[in-house]
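Observations on chain architecture
The chain contents come next:
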Amino acid sequence: MRILILFVGLSLFPWSALASTDCPLIGGVMQGQFERMRWLDKAARELRGGRGLTDDCLTLDLLKKTDGEIVDYLLAQPEFADTALDFNLHFLGFRRDYVRETSGEINPSIFDFPSALNSAREVLRGGDFFKLLEFEQPLFLPPLRTAFPKSPGDELLPPEENRQKHFAQIQAGLQAQIQFLRAHPDTTVETACSNFLNETREGWQWGDTGMYIPLMDIAFKSNIWYGKLIEHCVGPFRPNHIDFVKELEELHALNARIIAAFAKLEPKVYTTKSLNDIQSIDVNALGLAPGWHMFGTTHRLALQNSSTNFNRKRAAYVLSRFFCDDLTPINVEASGSHSEDRHASEASCMACHYKLDPMAGYFRDFGILFASYKGGEKIRFDDNAGITSKDYQRAWAGKGRVWNVGFIRSSTREDLNVYGEGIEDLFRTIRTEPEVKRCMVKRMFEFFVNDSQAVDAGYVEHLTEQFIKQAKVNSTEAFKQTAKEIVLARSFRESNPDPEQCYDYAPGYNPEGRPPCKVAFILEKNCASCHDGTHEHPYLDLTSWKKFPDGKYGFVHVDKNGASKDRLETFEKIMDRLSSENPRRRMPLRRHMDPLHREVLYKWANGILNEN
């Protein structure tokens, strides 16, 4: 098996280099360097956006360098920006199989993730990698697609001419509606809406012009562009009166400005082969309502809200992707005051809702397709139901503060939590809190190594501390140096790693005789200061890990007479003390423990009991 794995690994190496007449074989390359060649090919693919080395001479020249010098060279190449883009998509939970098409152009679907693009552009320029974590993003657009012919005989029209014909039809349709309403001033709102929606559905479609989804979103999103009239006509709160002619005239004028701006997006004059060349449209300059573009269509379709879920799906996404908190429903967090409805007050639900519901409050102004209803009297949801804003937002009314909204670390100690009100506060928290940086480093390990590979929490903490320190100077350099350390680590180098084994640890740490890597750091950080020996009650040493006569491993735990206790009894007590709501029994005593660490430890102990 080892021989087969070795041959499979070596097949990835560009062996044409060894036969090249321009680049003769370097002495000693063939002796003892098979694993290094395999590592070099893997590192090159990971750090060059999926593209391996194709230059035989460069390959052999790199083999003359140290491993650290090789990684530094790869990190300095412009292709690393593609790796950053791919990682950003992974961090956001929507990783693509490839970020470029065979033509070399950026995959158009990626323009739906402006924060990922913005951050990758900054990496290319040595700027602020943390643009990935910002709320307000530019509206990046790819080149316009080929327009779909609408009329027989248009099939042979060049795309740009076909597009202009469609634009003219759109404008003519609006002008016809304006003229009809001027000639028939007594037309009811219902008739005006019917004519408008019929024209929208049948007379023209912006999609026919070859416009990509990000701008289509703005066209039909509530409160701006076409969405304003659509909201009047199909929303649950139709007003008694609307100046339809005025709205149509403003729409006609806005279209004219947007159509003119599209000239810069024609494929003949616009390419996206370089991240530096990607263009954005200033919606404010065009006359559109101010907007933000953090969540694109993919987010909006995947994270829909309703009149009953109170944005919990959106909150769960933020906790999972930005804080690495998957809300595992284990009742190990003491009850508190942050989730007070009946569902959340159930013991089995409390473990999620004490932090889920306050996080959902950041989105309380956002309804259908993330449209902002801030300051409005009513709000509409993705299920097309509506409610008054006052009634809806009552769910987050605070006690001692205006809103019960925030990032909650503890349900009992408010001083550990970060509170806010609006979506800007959420992204300010995301940008500043250490849990997000730790999550980012953990996602980097998943990205470069394997998302199912065991990793020592102490090693992640070590990488995070370095990452945060370096980011204070330059966040792109912090990202690069963390990538470098992971690519040089043993976990990355292993050709056939055991997914249950940790291969890397913080400097100076010796895992011999310690508990398993998935919990060792957690125990050392939260428990070892009290449970470091059997010299006093409760005679439990959580720093030791010994083999029992039955071949199973466990902690050293004795009674007052020095007799060993059953290992399963020890784990039962650990689980009880982790989940107890009695402050005199709950461990660690009179100290806060990260809920994520508490859950990991609880699940691990429970798993050992289930094995038996």
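Whatever comes next refers back to the structure up there.
Below, the structure is looked at part by part. Please read all numbers here as calculations on a predicted model, not as lab measurements. (Residues numbered from 1 in each chain as written. Predicted model: local features only at pLDDT ≥ 70, side-chain atom pairs only at ≥ 80, totals over all residues. Heavy atoms only, no water.)

The subject of this paragraph is the overall build of the protein. The helix and strand inventory of the protein stands at 26 helices and eight strands. For the protein, with 612 residues in total, the buried portion stands at 52%. Relative to all contacts within the protein whose residues are 6 or more apart in sequence, the contacts with residues 24 or more apart total 65%. Total accessible area on the protein is roughly 28,400 Å²; 51% of this is exposed by carbon and sulfur atoms. (Helix = DSSP H or I, 4+ residues; strand = E, 2+ residues; numbered from the N terminus. Buried < 20%, exposed > 50% of the residue type's maximum accessible area, 1.4 Å probe, protein only. Contact = heavy atoms within 4.5 Å. Areas by Shrake-Rupley, 256 points an atom, 1.4 Å probe, with all protein chains shown as cover.)

Glancing now at the packing of helix α6 (residues 80–92) against helix α15 (residues 312–323). Between α6 and α15, the least distance of the axes is 8 Å, while the angle of their chain directions is 135°. Considering their axes alone, α6 and α15 lie oblique with respect to each other. In this structure, α6 contributes His 90, Phe 91 and Leu 92 to the contact, and α15 contributes Tyr 317, Arg 321 and Phe 322. Across the contact of α6 with α15, the residue classes break down as four nonpolar, one polar and one charged. (Axes fitted to C-alpha atoms, helices over the stretch in contact; angles between N-to-C directions. Parallel < 35°, antiparallel > 145°, perpendicular 65-115°, else oblique. Nonpolar A, V, L, I, M, F, W, Y, C, P; charged D, E, K, R; others polar.)

Of the strand pairs in this sheet, strand β7 (residues 540–547) and strand β8 (residues 553–557) are connected by four bridges, and their pairing is antiparallel. Bridge pairing in β8 places Asp 541 opposite Val 556. The loop that links β7 with its antiparallel partner β8 comprises five residues; one of these, Gly 551, has a positive phi angle of about 90°. (Pairing = 2+ DSSP bridges.)

Glancing now at the side chain of Arg 36. As for its placement among the helices and strands, Arg 36 is situated in helix α3 (residues 34–47). Residue classification places Arg 36 among the buried residues on the basis of a relative accessible area of 18%. There is a polar contact of 2.7 Å between the side chain of Arg 36 and the backbone oxygen of Leu 63. If we ignore the near neighbours within four places in the chain, the residues touching Arg 36 are Leu 62, Leu 63, Lys 65, Thr 66, Asp 67 and Ile 70. (Polar contact = N/O pair within 3.5 Å; in protein donor to acceptor, adjacent residues only side chain to side chain.)

Take the packing of aromatic side chains next. Under the definition given, this model contains 35 aromatic pairs. Judged by centre distance (6.4 Å) and plane angle (85°), the rings of Tyr 317 and Phe 322 are edge-to-face. Pair check on accessibility: Tyr 317 and Phe 322 agree, each one buried. Each ring, one from Tyr 392 and one from Trp 396, has its centre 5.4 Å from the other, and the planes form 75°; the classification is edge-to-face. (Phe/Tyr/Trp six-rings, centres within 6.5 Å; stacked < 30°, edge-to-face > 60°.)

Moving on to the state of the cysteines. One pass over the structure, following the stated rule, counts three disulfides. Residue Cys 193 pairs covalently with Cys 233 via a disulfide, S to S 2.1 Å. Since a negative S-S torsion denotes a left-handed disulfide, the Cys 193-Cys 233 link at about -80° is left-handed. You can see Cys 193 sitting in helix α9 (residues 189–203) and its partner Cys 233 sitting in helix α11 (residues 226–234), a full 40 residues away along the chain. Given the relative accessible area of 2%, Cys 193 is considered buried. On the accessibility criterion, Cys 233 (4% relative accessible area) is buried. The disulfide partner of Cys 502 is Cys 517, and the S-S distance across this bridge is 1.8 Å. Of note, the bridge from Cys 502 to Cys 517 carries an S-S torsion of about 70° and is right-handed in sense. Residue Cys 502 is found in the loop between α23 (490–493) and α24 (517–526), and its partner Cys 517 is found in helix α24; the two are separated by 15 residues along the sequence. (Disulfide = S-S within 2.5 Å.)

Time to look at the pattern of salt bridges. Counted by the stated rule, this structure contains 31 salt bridges. Among the salt bridges present, the one from Lys 484 reaches Asp 72, with a minimum N-O distance of 3.0 Å. Here the residue Lys 484 occupies a position in helix α22 (residues 475–488), and Asp 72 occupies one in helix α5 (residues 67–75), the gap between them amounting to 412 residues. The exposure class of Lys 484 is buried, given its relative accessible area of 16%. Looking at Asp 72, the relative accessible area reads 35%, which means it is partly exposed. Between Arg 401 and Glu 414 there is a salt bridge whose closest N-O contact spans 3.2 Å. In this pair, Arg 401 is assigned in the loop between α18 (389–393) and β5 (406–407) and Glu 414 in the loop between β5 and β6 (418–419), connecting sequence segments 13 residues apart. Connected through shared salt-bridge partners, Asp 128, Lys 131, Glu 134 and Arg 431 make up one network. (Salt bridge = Lys/Arg side-chain N within 4 Å of Asp/Glu carboxyl O.)

The residue after Met 587, namely Pro 588, is reached through a cis peptide bond having omega 0°. Note on placement: Pro 588 falls in the loop between α25 (567–579) and α26 (595–611). At Asn 311, a position not held by glycine, the phi torsion is positive, near 65°. Of note, Asn 311 is situated in the loop between α14 (297–302) and α15. With a phi close to 65°, Asn 384 is a non-glycine residue in the positive phi region. Examined against the element boundaries, Asn 384 turns out to sit in the loop between β3 (378–380) and β4 (386–388).

Taken by themselves, the reported measurements are silent on function.
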